[in-house]
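# Fold and contact review
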Amino acid sequence: MIKVLLADDEDLVRSGLRSILTSAGDIEIVAECDDGAHVADLVRLHRPHVVLLDIRMRTTDGIVALKRVMELADPPAVAMLTTFDVDEYVQKALRLGANGFLLKDTEPTQLVNAVRDLARGGAVLDPNVAARVIAAMADGQKAAEPARKLLSSLSGRELEVVALIGQGMSNAEIGNTLHLSEATVKGYVSSVLGKIGAANRVQAALVAYRGGLIG
């Protein structure tokens, strides 16, 4: 079972997420909280594989909670729950090591698959928020040349793959688009991350954005 911790200060949001995830059969909600102040302690106590963390909460927000979680030994994968009002919070979350961003109204199947990807060590970037997340991190022309240099090390197929990562596509979706098996896509993704020095898909998407592959 994939153990998940939910942290959001809206009861209705937590209820909806809980209902969707527990219906999957292989996901268990081991803890919930409505204040970021409790997240690190709950992680220590329950050892979840995945934390879904509201980026903004009324008392202790998700950024403070994320920092505390990432300071733990062997921290879980953390995806930030957000809305379309992407701002400086996104930049902070990425720098602190967030494994991705999901909209609070993410389609149920996509949410379940995202949690499974996170539990396997992947990173997730909701297609509907991908462009805004990346744009929030872009540093303009100053960062363009280093990004282009990194991208120049990629093959033509790898460039296609990283461009689709930048659009928020999963491995399965990339495979369908490029007519490749999911296993082949996984190999390309690993190669891309290694060549450009990206820790996860979110960072790879940022390089693609800065290098002009998407925009």
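My aim in this report is to walk through the structure given alongside it, one point at a time.

The rules we used
- Residues numbered from 1 in each chain as written.
- Predicted model: local features only at pLDDT ≥ 70, side-chain atom pairs only at ≥ 80, totals over all residues.
- Heavy atoms only, no water.
- Helix = DSSP H or I, 4+ residues; strand = E, 2+ residues; numbered from the N terminus.
- Buried < 20%, exposed > 50% of the residue type's maximum accessible area, 1.4 Å probe, protein only.
- Contact = heavy atoms within 4.5 Å.
- Areas by Shrake-Rupley, 256 points an atom, 1.4 Å probe, with all protein chains shown as cover.
- Axes fitted to C-alpha atoms, helices over the stretch in contact; angles between N-to-C directions.
- Parallel < 35°, antiparallel > 145°, perpendicular 65-115°, else oblique.
- Left-handed = near helix turned anticlockwise from the far one by under 90°.
- Nonpolar A, V, L, I, M, F, W, Y, C, P; charged D, E, K, R; others polar.
- Pairing = 2+ DSSP bridges.
- Expected span 1.5 Å × (residues − 1).

The next subject is the overall build of the protein chain. A tally of helices and strands in the protein chain yields 11 helices and 6 strands. Going through the 215 residues of the protein chain one by one, you find that 49% of them count as buried. In the protein chain, once contacts between residues fewer than 6 apart in sequence are set aside, the share between residues at least 24 apart is 67%. For the protein chain, the exposed area adds up to about 9900 Å²; of that, 50% sits on carbon and sulfur atoms.

Between helix α10 (residues 182-196) and helix α11 (residues 201-210), the shortest axis-to-axis distance is 10 Å and the interhelical angle comes to 65°. Of the possible angle classes, the one that applies to α10 and α11 is roughly perpendicular. For the crossing formed where α10 meets α11, the hand is left-handed. Along its contact with α10, which presents V189, L193 and I196, the element α11 presents R201, A204 and V207. When the residues that make up the contact of α10 with α11 are grouped by side-chain class, the tally is 5 nonpolar, no polar and 1 charged.

Interaxial distance between helix α8 (residues 156-166) and α10 falls to 10 Å at its minimum, and their mutual angle equals 90°. Regarding the angle of α8 to α10, the classification is roughly perpendicular. Packed against α8, whose contacting residues are R157, E158, V161, V162 and I165, the element α10 presents Y188, V189, S191, V192 and K195 at the interface. For the contact of α8 with α10, the per-class residue count stands at 6 nonpolar, 1 polar and 3 charged.

This part is about the sheet that holds strand β1 (residues 2-7). Overall, parallel pairing links the 6 strands, which are arranged β2-β1-β3-β4-β5-β6 in an open sheet. The sheet is open, and its two borders are formed by β2 (27-33) and β6 (124-125), each paired with just one other strand. Together, β1, β2, β3 (50-54) and β4 (77-82) form the strand contacts of helix α1 (residues 11-22), whose direction differs from that of β2 by roughly 165°. Packing of helix α3 (residues 62-70) onto the sheet brings it into contact with β3 and β4, and relative to β4 it is tilted by some 175°.

A separate point is α1. Along its 12 residues, α1 runs 16 Å from first to last C-alpha, staying within 8% of the 16 Å computed at 1.5 Å per residue. As for α1, its buried residues are in contact with β1, β2, β3, β4 and α5 (108-119).

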